[in-house]
Amino acid sequence: MLSKLKIGNVELNNNIILGPMAGLTDRPFRIICEKFNPGLVVTEMCSSKALMYNDNKTKLLLNTINEKRPVAVQIFGSDTASISFATKYINDNNLADIIDINMGCPAPKVVKNGDGSKLLLEPEKVYEITKSAVENSKVPITVKIRTGWDSEHITAVEVAKNIERAGASAITIHGRTRSQFYSGEVNLDIIKQVKECVKIPVIGNGDIHNFEDAIKMFIKTNCDGIMISRASLGNPWIFKQIIDQFEGKAIRKISNIEKLNIMLQHIELEVKEKGEYTGIREMRKHLSYYIRGEQNASDIRQKINKLESKEEVDKTIKEYFLNL
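Attention in this report is confined to the structure presented alongside it. Quick caveat, the model's predicted, so the values are computed rather than measured.

**Focus: the pattern of salt bridges**
Alright, step 1. Tallied over the full model, the rule gives 22 salt bridges.
Alright, step 2. The partner of Lys 285 in a salt bridge is Glu 282, with the nearest N and O atoms 3.4 Å apart. One end of the pair, Lys 285, and the other, Glu 282, are both in helix H11 (residues 256-291), three residues apart, so they sit about a helical turn from each other.
Alright, step 3. According to the relative accessible area criterion, Lys 285 is partly exposed, its value standing at 31%.
Alright, step 4. Overlapping salt bridges, with partners in common, bring together Asp 26, Glu 270, Lys 274, Glu 282 and Lys 285 in one network.

Take a look at the structure:
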């Protein structure tokens, strides 16, 4: 249940974690989430090979300036040379308190190169990659996996043992196979089996949308922490709400004014980070999440998607929320 969590030599204030999401958990969104006190946030995944080739766009993904620490940086790759390079680069530049290796991403463009969840088919390679990161890092190394490649290849337990043997400090497991992507039911039994087979902390991930889901994950798997990803989109206060409920406090609904203020802060951060042209376009998907379920959400979403200036977007959402 809710508690502090130690990953290597890093102690988290609590064991509720913001998970990495490509194209979504950028620095502005992480800063917004950090206001609601998750124990740890994780960056978007960064290509270790792109880092090795000095790609500037990839370097921008590693920007953690002015964030509440600890912060974890997530990298991916399937060769020890690039993983070792990325690990050293992150350590040398003090970019993170924890480095996480993604071995669970199901995206076709990732797995076609042998990265992400494709590694679940090669447990020994998992060991080699994890070991190369551990040997080149001063900060703890963690690994994020899935239950397996498909229902015929459930490799999580074997992979987890190799991750621990390689010296990693924690494992996060999403309770689906690669072939499931994000559909179907999360397999809590496999997460439980992983927890039982290793001594390092295990973090459960998948379909945690509220306090009841969090309780279920903890009780059914005996995991040491939980990771919340998609449920935080448009809903960054989910961390505080779940923490409050664990502490016996009544859940408090976010008012429209509070939601509006968070959205305005998020827009400000996004534009400051990426400039008005890119920042406003990046914000469109986030604004869509913030207003889902609200009255006339579809109409306002269509309107926002045509706006290009911060001033217009700010004005539109202010008018919308003040008239709900």
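From this point on, the discussion continues.
**Observations concerning helix H10 (residues 238-246)**
Along an α-helix, a turn takes 3.6 residues, which lines up residues three or four apart on a common side.
Alright, step 1. Taken across its nine residues, H10 has eight buried, putting it largely inside the fold.
Alright, step 2. Buried within H10 are the following residues: Ile 238, Phe 239, Gln 241, Ile 242, Ile 243, Asp 244, Gln 245 and Phe 246.
Alright, step 3. Looking one or two residues beyond H10, the residue adopting positive phi is Gly 248, at roughly 85°.

**Structural notes on the pairing of strand E8 (residues 170-177)**
Alright, step 1. Counted residue by residue, E8 has eight buried out of eight residues, so it is predominantly covered.
Alright, step 2. Sheet topology note: the strand E7 (residues 141-148)/E8 ladder contains six bridges and is parallel. Opposite Thr 142, over in E8, you have Ala 170 as the bridge partner.
Alright, step 3. In the classification by handedness, the crossover that spans E7, the intervening helix H7 (residues 156-165) and the parallel E8 is right-handed.
Alright, step 4. One ladder, built from four bridges, connects E8 with strand E9 (residues 202-205); its direction is parallel. Across the sheet, the residue bridging to Ile 173 is Gly 204, located in E9.
Alright, step 5. With helix H8 (residues 188-197) bridging E8 and the parallel E9, this β-α-β connection has right-handed handedness.

**Describing H8**
Alright, step 1. Residues of H8 that are buried include every one of Leu 188, Ile 190, Ile 191, Val 194 and Lys 195, and no others. Summarising the axial view, the buried residues of H8 lie within an arc of 160°, below the 170-degree limit, and thus occupy one face. In this structure, H8 carries Asp 189 and Glu 196 as exposed residues pointing more than 90 degrees from its buried face.
Alright, step 2. Next to the buried residues of H8 lie E7, H7, E8, E9 and helix H9 (211-221).

**Brief notes about the layout of surface pockets**
Over the atoms rolls a probe the size of a water molecule, and its path tells where empty space is left.
Alright, step 1. Its volume calculated, the largest pocket comes out at about 920 Å³.
Alright, step 2. Together, 46 residues line the largest pocket, and Ala 22, Met 45, Asn 102, Cys 105 and Tyr 182 are the ones closest to its centre.
Alright, step 3. When residues of the lining of the largest pocket are traced back to their parent elements, those giving at least two are strand E4 (40-47), helix H2 (48-52), helix H3 (56-61), strand E5 (71-76), helix H5 (108-111), E7 and strand E10 (225-228).
Alright, step 4. Partitioning the lining of the largest pocket into residue classes produces 21 nonpolar, 16 polar and nine charged.
Alright, step 5. The volume enclosed by the second largest pocket comes to roughly 300 Å³.
Alright, step 6. If you go around the second largest pocket, the residues you meet are Asp 26, Arg 27, Arg 30, Glu 44, Lys 57, Leu 60, Leu 61, Asn 63, Glu 273 and Lys 274.
Alright, step 7. Where the lining of the second largest pocket is concerned, the elements lending two or more residues are helix H1 (27-34), H3 and H11.
Alright, step 8. In terms of residue count, the dominant contributor to the lining of the second largest pocket is H3 (three residues).
Alright, step 9. Among the residues making up the lining of the second largest pocket, the classes are represented as two nonpolar, one polar and seven charged.

**Quick word on the environment of Met 103**
Alright, step 1. Mapped onto the elements of the fold, Met 103 is located in strand E6 (residues 98-103).
Alright, step 2. Separated by 43 residues in sequence, Met 103 and Leu 60 have C-alpha atoms that sit 22 Å apart.
Alright, step 3. In contact with Met 103, other than residues within four places in its own chain, are Gly 116, Ser 117, Leu 119, Leu 120, Val 126, Ile 129, Thr 130, Val 143, Lys 144, Ile 145 and Arg 146.

**Structural notes on the packing of aromatic side chains**
Alright, step 1. Enumeration over the complete set of coordinates arrives at six aromatic pairs.
Alright, step 2. Measuring from centroid to centroid gives 6.5 Å for Phe 85 and Tyr 89, while their planes differ by 15°, and the two rings are stacked. In this pair, Phe 85 and Tyr 89 are both assigned in helix H4 (residues 80-92), four residues apart and thus about one turn of the helix distant.
Alright, step 3. Classification of Phe 85 by relative accessible area gives partly exposed; the value is 34%.
Alright, step 4. With centroids separated by 6.4 Å and ring planes inclined at 35°, the aromatic side chains of Trp 237 and Tyr 290 adopt a geometry described as tilted. With Trp 237 in the loop between E10 and H10 and Tyr 290 in helix H11, this pair connects stretches of sequence that are 53 residues apart.
Alright, step 5. A relative accessible area of 6% places Trp 237 in the buried class.
Alright, step 6. Of the aromatic side chains, those joined through ring pairs into one cluster are Phe 36, Trp 237 and Tyr 290.
Alright, step 7. The ring of Trp 149 has Lys 118 lying over it, and the distance from NZ or CZ to the ring centre is 5.8 Å.
Alright, step 8. The ring of Tyr 277 has Arg 281 sitting right over it, with the charged end atom 3.7 Å from the ring centre.

So, how was this worked out
Residues numbered from 1 in each chain as written. Predicted model: local features only at pLDDT ≥ 70, side-chain atom pairs only at ≥ 80, totals over all residues. Heavy atoms only, no water. Salt bridge = Lys/Arg side-chain N within 4 Å of Asp/Glu carboxyl O. Helix = DSSP H or I, 4+ residues; strand = E, 2+ residues; numbered from the N terminus. Buried < 20%, exposed > 50% of the residue type's maximum accessible area, 1.4 Å probe, protein only. Pairing = 2+ DSSP bridges. Right-handed = clockwise from strand over helix to strand, strands pointing away. Arc of directions from axis to C-beta. Contact = heavy atoms within 4.5 Å. 1 Å grid on protein atoms, 1.4 Å probe; cavity = no way out; pocket = protein on both sides within 12 Å on 5 of 7 lines; lining within 4 Å. Points joined across faces, edges and corners; volume = space filled by probe spheres on them. Nonpolar A, V, L, I, M, F, W, Y, C, P; charged D, E, K, R; others polar. Phe/Tyr/Trp six-rings, centres within 6.5 Å; stacked < 30°, edge-to-face > 60°. Lys NZ or Arg CZ within 6 Å of the ring centre and 35° of its normal.

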